[in-house]
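Descriptive structure summary
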Amino acid sequence: MRRPIVLVPACHRQLGSHAYHTVQDKYLHAVVVAAGCMPLVLPALGKDADLDAALQIADGVLLTGSASNVDARLYGQDIAFPELPQDPARDATTMPLIHAALARQLPLLAICRGFQEVNVALGGSLHQAVHAVPGMLDHRENINDTLGRQYAPAHRVRLTPGALLSRILGGKSEMMVNSLHGQGLDRLADGLLVEALADDGLVEAYAVAGVTGFALGVQWHPEWQVEENPQAMRIFEAFGQACRAHQQDNK
């Protein structure tokens, strides 16, 4: 039997004189070694993307993190920090992809920017600078640190008892996570169920209500050195199992 196919939408980046569609290797690696699936990179083609063609062969969708921010105009705000990177091609690809994937009940795992994308796609909003919100922690990494230190556990999250993420992690009530984001969830979209909160009250994980399979988003980065992190392995293994179940149900 073939491995389940997981669509991984690309970022659109200018590298030197040319534009590229890019996905960091750590996400593809986690799909292969932890989820046991075959990643398929979806170019950030926006309105020119044939999502139906891609979704007909897909068994799951992984939305990755990125250095770029979701366009604030998509949730009714002006862009507060226009000097920070944007990716309109990715936004134009992932927003309809999220709706199409959920309508098809495809397993969905959303990480960092992807976590924020789902919230925006379903009608929620973001803090454009979490650290500037009174009472909130600074969730950003120190860009001068080594990667190992940037991705090290940074703060605690408290898991919703009996919810999807807690069940995946064997009933855990809390865990330490890394933290590499300036933006974060403000108004939680209707239809999203809180799975984990940081100590400052920021939503760090959610599940999508009404999905019979797997639809989970996390603000942190479980893909980082996934094989060395048992909790991250469990998240990707559960995602992979859901993709295999979808593949079996649609043979």
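Residues numbered from 1 in each chain as written. Predicted model: local features only at pLDDT ≥ 70, side-chain atom pairs only at ≥ 80, totals over all residues. Heavy atoms only, no water.

It is worth spelling out the packing of aromatic side chains at this point. Inspection of every chain in the model, using the stated rule, returns three aromatic pairs. With 4.3 Å between their ring centres and 15° between their planes, tyrosine 151 and tryptophan 224 make a pair best called stacked. With a gap of 73 residues between them, tyrosine 151 in the loop between α5 (147–150) and β8 (155–159) and tryptophan 224 in the loop between β13 (215–218) and α7 (230–249) connect regions that are remote in the sequence. Between phenylalanine 214 and phenylalanine 239, the ring centres sit 5.7 Å apart and the planes meet at 50°, which makes this aromatic pair tilted. You can see phenylalanine 214 sitting in the loop between β12 (203–208) and β13 and its partner phenylalanine 239 sitting in helix α7, a full 25 residues away along the chain. We note that phenylalanine 214, like phenylalanine 239, is buried. (Phe/Tyr/Trp six-rings, centres within 6.5 Å; stacked < 30°, edge-to-face > 60°. Helix = DSSP H or I, 4+ residues; strand = E, 2+ residues; numbered from the N terminus. Buried < 20%, exposed > 50% of the residue type's maximum accessible area, 1.4 Å probe, protein only.)

It is worth spelling out the pairing of strand β6 (residues 108–111) at this point. Burial of the side chains of β6 extends over both faces: Leu108 and Ala110 are buried on one face and Leu109 and Ile111 on the other. Bridge analysis of strand β5 (residues 60–63) against β6 gives three bridges, and the strand direction is parallel. Counted as the bridge partner of valine 61 is leucine 108 from β6. Regarding the hand of the β-α-β motif, the stretch spanning β5, helix α3 (residues 88–103) and β6 is right-handed. Of the pairings in the sheet, the one linking β6 to β13 comprises four bridges and is parallel in character. Across the sheet, residue isoleucine 111 finds its bridge partner in β13, namely valine 218. (Pairing = 2+ DSSP bridges. Right-handed = clockwise from strand over helix to strand, strands pointing away.)

What follows is about the packing of α3 against helix α4 (residues 113–121). Here α3 crosses α4 at 65°, and the two axes come no closer than 9 Å. In this structure, α3 meets α4 at a crossing whose hand is right-handed. Here Arg90, Asp91, Thr94, Met95, Ile98 and His99 of α3 come into contact with α4, specifically with Arg113, Gly114, Glu117, Val118, Val120 and Ala121. The class makeup of the residues in the contact of α3 with α4 is five nonpolar, three polar and four charged. (Axes fitted to C-alpha atoms, helices over the stretch in contact; angles between N-to-C directions. Left-handed = near helix turned anticlockwise from the far one by under 90°. Contact = heavy atoms within 4.5 Å. Nonpolar A, V, L, I, M, F, W, Y, C, P; charged D, E, K, R; others polar.)

Okay, the nonpolar core next. Counting 36 residues, the largest nonpolar core has Leu109, Leu165, Leu216 and Trp220 as the members making the most contacts within it. Broken down by element, this core gets its largest block of residues, eight residues, from α7. If we ignore the near neighbours within four places in the chain, the residues touching leucine 216 are Leu108, Leu109, Ala110, Leu164, Leu165, Ile168, Glu195, Tyr206 and Ile235. (Core = buried A, V, L, I, M, F, W, Y, C linked by side-chain atoms within 4.5 Å.)

Note that arginine 113 resides in helix α4. For arginine 113, a relative accessible area of 1% puts it in the buried group. Only 2.9 Å separates the side chain of arginine 113 from the side chain of serine 68, close enough to count as a polar contact. Reaching out from arginine 113, the side chain makes a polar contact with the side chain of aspartate 91 at a distance of 3.0 Å. Dropping the residues within four chain positions of it, arginine 113 is found in contact with Thr64, Gly65, Ser66, Ser68, Asn69, Val70, Asp87, Arg90 and Asp91. (Polar contact = N/O pair within 3.5 Å; in protein donor to acceptor, adjacent residues only side chain to side chain.)

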